[in-house]
Amino acid sequence: MSRKNKQSFFWGIRHMAIARKITFLYSGIFTFSILVISFFMTINIPGIQQHIIRRELTLTISNIEAYLQQGKSLNNDTLRDLLDNKYVEVNVYSQYQNMYYFSHFGEEPLLMQLRESNFPTPEGIFTNKDELMGHGQQTLAQDGFKISAQKEKVENCTEYILENNNRQQIMLISTIIPAQGGQYRVEAYKLIGINSNFIRGFIGKLATVNFIGILCAFLIGWYISQRMLRPVEAIRAAAERITIEDLSQRIDTDGPDDEMKELTVTFNSMIDRLESSFQRQNQFISDASHELRTPISVIQGYANLINRWGKSDPVILQEAIDSILSETEHMSALIRKLLFLAKGDQNRMLVQKKLISLNEIAGEVVKELEVLEVNRKIVFEEKDKAEIWGDPDLIKQLLWIHAENALKYTKDGDLITLRVWKDKKDAFVSVGDNGAGISKEHLSKIFDRFYRVDQSRNKGISGTGLGLSIAKWIADSHFGHILVESTEGEGTTFTNVFALSGKMKKDEIKKEGEESRKF
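Thresholds applied
Residues numbered from 1 in each chain as written. Predicted model: local features only at pLDDT ≥ 70, side-chain atom pairs only at ≥ 80, totals over all residues. Heavy atoms only, no water. Helix = DSSP H or I, 4+ residues; strand = E, 2+ residues; numbered from the N terminus. Buried < 20%, exposed > 50% of the residue type's maximum accessible area, 1.4 Å probe, protein only. Contact = heavy atoms within 4.5 Å. Areas by Shrake-Rupley, 256 points an atom, 1.4 Å probe, with all protein chains shown as cover. Pairing = 2+ DSSP bridges. Axes fitted to C-alpha atoms, helices over the stretch in contact; angles between N-to-C directions. Core = buried A, V, L, I, M, F, W, Y, C linked by side-chain atoms within 4.5 Å. pLDDT = per-residue confidence, 0-100.

J.: I keep staring at the overall build of the chain and nothing clicks. Help me out?
T.: The number of helices and strands found in the chain is 15 helices and 15 strands. Within the span of the chain, comprising 519 residues, buried residues form 36% of the whole. Of all intrachain contacts in the chain linking residues separated by at least 6 positions in sequence, the fraction that spans at least 24 positions is 65%. Carbon and sulfur atoms make up 54% of the accessible area of the chain, which totals about 31,800 Å².

J.: How do you make sense of helix α14 (residues 467–477) when you look at a structure like this?
T.: What sets the pattern is the α-helix's 3.6 residues per turn: residues three or four places apart point alike. Counting buried residues along α14, nine of its eleven residues qualify, which places the element largely inside the surrounding structure. One or two residues past the end of α14 sits Phe 479, with phi positive at roughly 55 degrees.

J.: So what exactly am I meant to see when it comes to the sheet that holds strand β1 (residues 89–94) here?
T.: The pairing of strands in a sheet comes from backbone hydrogen bonds and takes either a parallel or an antiparallel form. Taking strand neighbours across the sheet as the criterion, the six strands line up as β2-β1-β6-β5-β4-β3 in an open arrangement whose pairing is antiparallel. At either end of the open sheet lies a strand with only one pairing partner, and these are β2 (99–102) and β3 (146–154). Here the average twist between neighbouring strands, direction ignored, is 20 degrees. Strand direction decides the pairing type here: β3 and strand β4 (residues 157–163), joined by seven bridges, are antiparallel. Paired with Ile 147 across the bridge in β4 is Leu 162.

J.: Even after reading the chapter, I still don't get unusual backbone geometry, so can you show me in this structure?
T.: Both trends apply: most residues other than glycine have a negative phi, and most peptide bonds are in trans. Of note, the phi angle at Phe 479 is positive, near 55 degrees, even though the residue is not glycine. Residue placement: Phe 479 occurs in the loop between α14 and β13 (481–487).

J.: Just checking my understanding: could you explain the pairing of strand β6 (residues 182–192) for this structure?
T.: Side chains on a regular strand alternate between the two faces of the sheet. Extensive coverage of β6 is indicated by the burial of eight of its eleven residues. In this structure, β1 lies alongside β6, joined through six bridges in antiparallel fashion. Looking across to β6, one finds that Val 90 is bridged to Ala 188. Relative to β6, strand β5 (residues 169–179) is paired through eleven bridges, and the arrangement is antiparallel. When the bridges of β6 are listed, Ser 174 appears paired with Glu 187.

J.: Would you mind showing me how to read the nonpolar core here?
T.: By size, the foremost hydrophobic cluster in this structure holds 48 residues, and its most contacted members are Phe 340 and Leu 358. Sorting the residues of this core by element identifies α10 (314–345), α11 (358–371), α12 (392–408), β11 (415–422), β12 (426–433), α14 and β14 (491–499) as the ones contributing at least two each. Residue contributions to this core peak at nine residues, all from α12. Apart from residues lying up to four places away in sequence, Leu 358 is in contact with Ala 386, Ile 388, Ile 395, Val 420, Ala 427, Phe 428, Val 429 and Phe 498. Listed in part, the 23 residues of the second largest apolar core include Leu 57, Ile 64, Val 92 and Tyr 101.

J.: What's the story with the confidence of the model for the chain in this structure? I'm lost.
T.: Any segment with low pLDDT has predicted coordinates that should not be analysed in fine detail. Of all residues in the chain, 77% attain a pLDDT of 70 or more, and the chain-wide mean is 76. This model gives residues 105–137 a pLDDT under 50, and the stretch forms 68 contacts once residues within four places in sequence are excluded. Note on residues 513–519: pLDDT is under 50 here. Beyond four places in sequence and across chains, it has 23 contacts.

J.: Can you walk me through the sheet that holds strand β9 (residues 377–382) in this structure?
T.: The strand order across the open sheet built from five strands is β9-β11-β12-β14-β13, with neighbouring strands paired in mixed fashion. Looking at which strands have only one partner, the edges of the open sheet turn out to be β9 and β13. Each adjacent strand pair in this sheet contributes to an overall mean axis angle of 10 degrees, direction not counted. Here seven bridges tie β13 to β14, and the two strands are oriented antiparallel to one another. Counted as the bridge partner of Ser 486 is Thr 492 from β14. Against the sheet, α11 touches β9, β11, β12 and β14, its axis set at about 170 degrees to β9. The strands touched by α12 are β11, β12, β13 and β14; relative to β14, the strand with the most contacts, the crossing angle is about 170 degrees.

Here's what the structure looks like:
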């Protein structure tokens, strides 16, 4: 195969469908295995036949031995009755009687046809296997058969492979059997009849069986691959149907609890997350557009007012400038918060943690509130010293979000309280007020982006509806959470819960302290 053809061949395999790859792999392994087995069976045909003949000869000798050891007399007729196979020939020499017994029935066996003369009368009596070959062996030697292999099996038992000039082979087993009437030499032999017709028939049948087996392996492999990859095909079809406008497609998860079902469940879970993400993104874009539309409309309105009458009227001009500056500041704050949340959603916000004191950060917020002269009564309560593993800037921003909400929804002279305490495993810092409070129906939604409680009553209160969303993100990034207690008309308390630094796992502290975790 040329180099170009090899490259084309491997390119074709690499780009072949998975179902075909599995089919060819399965059928290829089966084909290779069955061909190897067939090859060894073919080359071992002589060994297989020798094993079968050896068993036949050994069984024949065992039958004769059992008969002789019972003390019964032996003759040619009884010898024939003891044979299980008419193609096995036996010569028995009795030492006591000095006689030979031999057997054949039916048509004259091939071994008998090969002989040129009848059995000669032996001239002496042998008593062990080291003397001259037995009478049957002498006759076979006269017919041109010579020993090509000899193997000592047990004491007084020898196996011979005899072969003539025509490459015909005979297996002969010679043994001495002791009995009541003296010793008997038994020689059982049979022609190893391997011929071309037998081999061609065997190979032909083997080839037919191999072809049927390989065809069945290919069909079974194709069926198995199709059935195994059915969930993958369902995933592919579902992926083609999924669009940004339609994320409702799911794959049926019926079937056995195997890896394919796990893949299907994982795919459905991925689509659920995508759908939820797209819904949040669409809602975020819609809310952001709505929030930006109002200040842009106000700025555009005042710009038109200046263009028409404000150029010559200082009062209108100043009012328009003040409103434009206010709406511009509102837009700037909104955009900053949107960028903050967008970075958090994209895991691009750096959270640089270290060991910090909640008491110190809460104390800084209290001092800044007092400096602002907000006309509120500020109380700071420190029950315990609490340290956590966190980003000091983000924790301070979190507390300021709660403080700004407390300022918005309380009146002059109202009370704002910051508390710090701890228990055995957690640290707590809370910001509470005695202002307007939040009704129960709104408590579950206050952390949603752009959500504001009863917007029709709070038009005079500035805000974007993003502060508590940012606060929740900061708490989540520190593996903490926020508890809310509120009664409408009585006030609200936000309690931030964090794990104490001493209760954090050492590996988490090392990871959080030595590396900047991205969220």
